[in-house]
Amino acid sequence: MWMYEHSIETDAAREAIWRLWVDVDNWGAWNAEIEKIELRGPFAEGAEMLMTPPGEEPVALRVTEAAEGETFTDEARFDGLVLRTVHRLDPLDQGRTRVVYRMEITGAGADEAGPQIGPGITADWPETMAALVALAARS
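Predicted, not measured: the structure shown is a model, and the values here were computed from it.

Chemist: A description of the sheet that holds strand β1 (residues 2-10) should follow, citing residues and the corresponding values.
Modeler: Taken in spatial order, the seven strands of this open sheet run β1-β7-β6-β5-β4-β3-β2, and their pairing is antiparallel. A single partner strand is all that each edge strand has here, and the edge strands are β1 and β2 (36-40). Neighbour-to-neighbour, the strand axes of this sheet turn through a mean angle of 20°, independent of strand direction. Where β2 lies against strand β3 (residues 48-52), five bridges are found, and the strand directions are antiparallel. Within β3, the residue paired with Arg40 across the bridge is Glu48. Against the sheet, helix α2 (residues 110-122) touches β1, β5 (71-78), β6 (81-91) and β7 (97-107), its axis set at about 145° to β7.

Following this line, the structure appears as structure tokens:
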């Protein structure tokens, strides 16, 4: 297994961050690594998304967990690998929130493939998460 986690703390309301997360069609407003994204069905466990990074082929994702206002997990599967991304909102003191993204790559060959592909997938997380909380703070 390969794993990476990044977090950021913010004064932005958890509800505002959650609203941005469930508004999948507009993720490109705060995530520069999305050229196009489409949500199929309501934002809930089992929902499918088709995300196209700039200049790349579309990636099929499935929401495997969703707890409103708290967390959601999406997964992509290919070549025997499972790329699982957990998005979580942890309440802190004084109304602050810790936003956490965690990627886990598992499956056949994950020990070799994870270190090769994982850092490229997660490299933009600090900027993406900063843009997310900045937008949430303005709403």
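What follows continues from the structure just given.
Chemist: Could you give an account of the nonpolar core, naming the residues involved and the relevant values?
Modeler: Ranked by internal contacts, the top residues of the largest apolar core, which has 35 residues, are Ile17, Trp21, Trp27, Val99, Tyr101 and Leu132. Once residues within four sequence positions are removed from consideration, Trp21 is found in contact with Trp27, Trp30, Phe43, Phe72, His87, Arg88, Leu89, Val99, Tyr101 and Leu132.

Chemist: For the packing of aromatic side chains, give the residues involved together with the corresponding values.
Modeler: A complete count under the given rule lists 11 aromatic pairs for this structure. When the ring of Trp21 is compared with that of Phe72, the centres are 5.3 Å apart and the planes differ by 75°; the resulting orientation is edge-to-face. In this pair, Trp21 is assigned in helix α1 (residues 14-22) and Phe72 in strand β5, connecting sequence segments 51 residues apart. Each member of the pair, Trp21 as well as Phe72, carries the same accessibility label: buried. Their ring planes at 55° and their centres at 6.0 Å tell us that Trp27 and Trp30 sit as a pair that is tilted. Through a chain of ring-to-ring contacts, three or more aromatic side chains come together here, namely Trp2, Tyr4, Trp18, Trp21, Trp27, Trp30, Phe43, Phe72, Tyr101 and Trp125.

Chemist: An account of the environment of Asp11 is requested, with residue identities and associated values reported.
Modeler: With respect to the helices and strands, the residue Asp11 is situated in the loop between β1 and α1. Taking the C-alpha atoms as reference points, Asp11 and Thr97, separated by 86 residues in sequence, lie 6.4 Å from one another. What Asp11 contacts, discounting residues up to four positions off in sequence, is Gly95 and Arg96. Within the structure, Asp11 has its side chain in polar contact with the side chain of Arg96 (distance 2.7 Å).

Chemist: Describe in detail unusual backbone geometry, supporting the description with residues and values.
Modeler: Positive phi, normally seen in glycine, also occurs at Asp79, with a value near 50°. Mapping Asp79 onto the fold places it in the loop between β5 and β6. The exposure class of Asp79 is exposed, given its relative accessible area of 70%. A positive phi angle is found at Gln94, which is not glycine, with a value near 60°. Position of Gln94 among the secondary structure elements: in the loop between β6 and β7.

Rules behind the numbers
- Residues numbered from 1 in each chain as written.
- Predicted model: local features only at pLDDT ≥ 70, side-chain atom pairs only at ≥ 80, totals over all residues.
- Heavy atoms only, no water.
- Pairing = 2+ DSSP bridges.
- Helix = DSSP H or I, 4+ residues; strand = E, 2+ residues; numbered from the N terminus.
- Axes fitted to C-alpha atoms, helices over the stretch in contact; angles between N-to-C directions.
- Contact = heavy atoms within 4.5 Å.
- Core = buried A, V, L, I, M, F, W, Y, C linked by side-chain atoms within 4.5 Å.
- Buried < 20%, exposed > 50% of the residue type's maximum accessible area, 1.4 Å probe, protein only.
- Phe/Tyr/Trp six-rings, centres within 6.5 Å; stacked < 30°, edge-to-face > 60°.
- Polar contact = N/O pair within 3.5 Å; in protein donor to acceptor, adjacent residues only side chain to side chain.

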